[in-house]
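So you can see what is in the structure, the chains are spelled out below.
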Amino acid sequence: MTQRQYPCVAYLERYNEKKIRNLQKELSILTGSKSCLLEWRPHITVGKALELNKLQLQKLKKELTDFASSQPSFDIELKDYGFMIHKIVAKLFNCEPYVIYLNVVANHRLVAFVKKLDAIMKKYDFNFDIIPYNPHLTLAFKDLDQDGYNKARRYLKNKTFSDIFKISSFSLATDKKGDGEFKEVIKFKLKKSNYKIVA
């Protein structure tokens, strides 16, 4: 039975996307990198990139639906810019290794959520693991070359960023058409919560 890749991500709420999209567009103009704009909605990776057939997907869907129903929504803080050269990901996805991102403050609710989610997902085949967990929101990658990476580092050197976003769901995404664009296929809503981060 044919398998397909399903990364597990938490998308930002639609009304929060504009601020991040504007940052991605700004960096795209500066660096020439367009992958973030063309292939993904702004998101934070919260689980492994699983390799699933249809039967496995249905089984996992039930497990994650039950899991989500017991998990409260929570806030995350995005704090300043980060840069990395990720050679393992570059080899895995046959792309440039340079990445520009926003740091995600790993508060205890996010870490606990990811740990519980991983306990479910590690039972399935995967081609990319996120443990140990380094939460971030990618602004430019994949087609970001060294020249663009260096330009962005100089441009962002003295700039700061700080904002708080609500995580009220998580999703499985996949590249249905095989064109590199990953889209949400199943969304799992978390319980409502009054928990807030005070900046």
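Residues numbered from 1 in each chain as written. Predicted model: local features only at pLDDT ≥ 70, side-chain atom pairs only at ≥ 80, totals over all residues. Heavy atoms only, no water.

> Explain unusual backbone geometry here, please?
Negative phi values dominate among residues other than glycine, just as trans dominates among peptide bonds. Even without a glycine there, the phi angle at Asp80 is positive, about 65°. Its location among the elements puts Asp80 in strand E3 (residues 74–85). The exposure class of Asp80 is partly exposed, given its relative accessible area of 24%. We note that Lys142 has phi near 70°; this positive angle belongs to a residue other than glycine. (Helix = DSSP H or I, 4+ residues; strand = E, 2+ residues; numbered from the N terminus. Buried < 20%, exposed > 50% of the residue type's maximum accessible area, 1.4 Å probe, protein only.)

> Just checking my understanding: could you explain the pattern of salt bridges for this structure?
If the charged atoms of two oppositely charged side chains come close together, the side chains can form a pair. Evaluation of the coordinates by the stated rule reveals ten salt bridges. One salt bridge connects Asp118 with Lys48, and the closest N-O pair in it is separated by 2.8 Å. Separated by 70 residues along the polypeptide, Asp118 in helix H5 (residues 108–121) and Lys48 in strand E2 (residues 43–52) bring together distant segments of the chain. For the pair Asp118 and Lys48, one class covers both residues: buried. Between Glu181 and Lys183 there is a salt bridge whose closest N-O contact spans 4.0 Å. (Salt bridge = Lys/Arg side-chain N within 4 Å of Asp/Glu carboxyl O.)

> I tried to follow the layout of surface pockets on my own but got confused; where do I start?
The gaps of empty space that remain are located by a probe, the size of a water molecule, rolled over the atoms. Here the largest pocket is characterised by a volume of approximately 870 Å³. Lining the largest pocket are 36 residues, and of these Thr45, Val89, Phe128, His136 and Thr138 lie nearest its centre. Sort the elements by how many residues they give to the lining of the largest pocket and E2 lands first, with five residues. Taken together, the residues of the lining of the largest pocket sort by class into 22 nonpolar, nine polar and five charged. Of the volumes computed, that of the second largest pocket is approximately 170 Å³. Listed by contribution, the elements that provide at least two residues to the lining of the second largest pocket are strand E1 (4–11) and helix H3 (54–69). In terms of residue count, the dominant contributor to the lining of the second largest pocket is H3 (three residues). Considered class by class, the residues forming the lining of the second largest pocket number four nonpolar, five polar and three charged. (1 Å grid on protein atoms, 1.4 Å probe; cavity = no way out; pocket = protein on both sides within 12 Å on 5 of 7 lines; lining within 4 Å. Points joined across faces, edges and corners; volume = space filled by probe spheres on them. Nonpolar A, V, L, I, M, F, W, Y, C, P; charged D, E, K, R; others polar.)

> I would appreciate a short explanation of the packing of aromatic side chains in the present structure.
What characterises a pair of aromatic rings is the spacing of the ring centres plus the angle enclosed by the ring planes. By the definition in use, this model includes nine aromatic pairs. Their ring planes at 65° and their centres at 6.3 Å tell us that Tyr81 and Phe161 sit as a pair that is edge-to-face. You can see Tyr81 sitting in strand E3 and its partner Phe161 sitting in the loop between helix H6 (146–156) and strand E7 (162–167), a full 80 residues away along the chain. The buried category is assigned to Tyr81, whose relative accessible area is 14%. Taking relative accessible area as the criterion, Phe161 reaches 10% and is therefore assigned buried. On the numbers, 5.6 Å between centres and 70° between planes, the contact of Phe113 with Phe170 is edge-to-face. (Phe/Tyr/Trp six-rings, centres within 6.5 Å; stacked < 30°, edge-to-face > 60°.)

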